[in-house]
Amino acid sequence: MIAIIDYDAGNLKSVEKALAKLGQEGVITRDRKTILEAEKVILPGVGSFGMAMEQLKRYELDKVICETVQKGTPFLGICLGLQLLFDGSEESEGVEGLGILRGDILKIPDTEGLKIPHIGWNSLALENGGRLFCGLEQGPYVYFVHSYYLRAADPQIVKASTEYGAHIHASVEQGNVFACQFHPEKSGTAGLHILKNFTGIQGGAA
């Protein structure tokens, strides 16, 4: 069973449907016991960084997420779910993130000819042997919806990047923690391949 964390941040059903296409049971939940007993955990999300952290704390899901990561359960953050794994974001100055990974969440700079938020398909440059991308050829197209982007502190955790007004770290992996700025559940065949790779990852000590 794969737990999909519900903190009123939307985009849960599309993740659940994508998992169902892969023959996987996804359970939308905020129940601590269910999340801690799950084989895998996914943190989706759309919306603002500050509001999302407020909701995670309101339901005490921040603590559950940290417990889940510490026990070695494979964990996937998607879109805002990626950003929340870091210390903070320019979107919500002074709001502390989960602090599980190191890096900065920055606003995509204004660039002539580019609209913000970035909504649409971009190709990925794959690097550093990311397990989510096993079996995919270089340059897969995936779907983004975001105004802020990651600049990871350690380039070795970056497994995919793209260009949109800045060099964007589009996917990272550290131990049992995986994260994508793009939406694999909305990225067609390539996205399902990425999710299938995640469902095949074995848990263990973080």
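For the structure itself, consult the block above.
Reading the values: the criteria
- Residues numbered from 1 in each chain as written.
- Predicted model: local features only at pLDDT ≥ 70, side-chain atom pairs only at ≥ 80, totals over all residues.
- Heavy atoms only, no water.
- Buried < 20%, exposed > 50% of the residue type's maximum accessible area, 1.4 Å probe, protein only.
- Helix = DSSP H or I, 4+ residues; strand = E, 2+ residues; numbered from the N terminus.
- Pairing = 2+ DSSP bridges.
- Right-handed = clockwise from strand over helix to strand, strands pointing away.
- Disulfide = S-S within 2.5 Å.
- Contact = heavy atoms within 4.5 Å.
- Axes fitted to C-alpha atoms, helices over the stretch in contact; angles between N-to-C directions.
- Phe/Tyr/Trp six-rings, centres within 6.5 Å; stacked < 30°, edge-to-face > 60°.
- Lys NZ or Arg CZ within 6 Å of the ring centre and 35° of its normal.

Q: So what about the pairing of strand 1 (residues 2-5)? Which residues, and what values?
A: Side chains Ile2 and Ile4 of strand 1 all project onto a buried face; the interleaved residues Ala3 and Ile5 project onto the opposite face, where all are buried too. In terms of strand pairing, strand 1 meets strand 2 (residues 26-29) through four bridges, oriented parallel. Its bridge partner lying in strand 2, Ile2 is registered against Gly26. Handedness of the crossover is the feature at issue here: the chain leaves strand 1, passes through helix 1 (residues 12-21), returns alongside strand 2, and the resulting connection is right-handed. Of the strand pairs in this sheet, strand 1 and strand 3 (residues 40-43) are connected by three bridges, and their pairing is parallel.

Q: Lay out the state of the cysteines in plain terms, naming residues and giving numbers.
A: In total, this model carries zero disulfides according to the counting rule given. Of all cysteine sulfurs in the structure, the one in Cys79 sits closest to Cys180, which takes part in no disulfide; the separation is 10 Å. Accessibility expressed as a relative area gives 0% for Cys180, which makes it buried.

Q: Run through the sheet that holds strand 10 (residues 158-163), naming residues and quoting values.
A: Strand order across the open sheet formed by eight strands is 2-1-3-4-12-11-10-7, with mixed pairing between neighbours. Pairing within the sheet leaves two strands with one partner each, and these edge strands are strand 2 and strand 7 (125-126). Set on the sheet, helix 6 (residues 188-199) makes contact with strand 1, strand 3, strand 4 (75-78) and strand 12 (177-180); between it and strand 3 the angle comes to about 140°.

Q: Account for the packing of aromatic side chains, naming residues and giving values.
A: Going through the model one piece at a time under the given rule, you end up with four aromatic pairs. Plain terms: the ring middles of Phe133 and Phe182 are 6.5 Å apart, the flat faces sit at 50° to each other, and that makes the pair tilted. Taken together, the positions of Phe133 in the loop between strand 7 and strand 8 (141-146) and Phe182 in the loop between strand 12 and helix 6 put the pair 49 residues apart, joining distant regions of the chain. As far as burial versus exposure is concerned, Phe133 and Phe182 are alike and both buried. A ring pair is formed by Phe178 and Phe198, whose centres lie 6.0 Å apart and whose planes are at 75°; its orientation type is edge-to-face. Taken together, the residues Phe178 in strand 12 and Phe198 in helix 6 connect sequence positions 20 residues apart. The exposure class of Phe178 is buried, given its relative accessible area of 0%. Note that Arg30 overlies the ring of Tyr59, its terminal NZ or CZ placed 4.0 Å from the centroid. The ring centre of Tyr148 lies 6.0 Å from the NZ or CZ of Lys107, which sits over that ring.

This is a description of form; function is not addressed.
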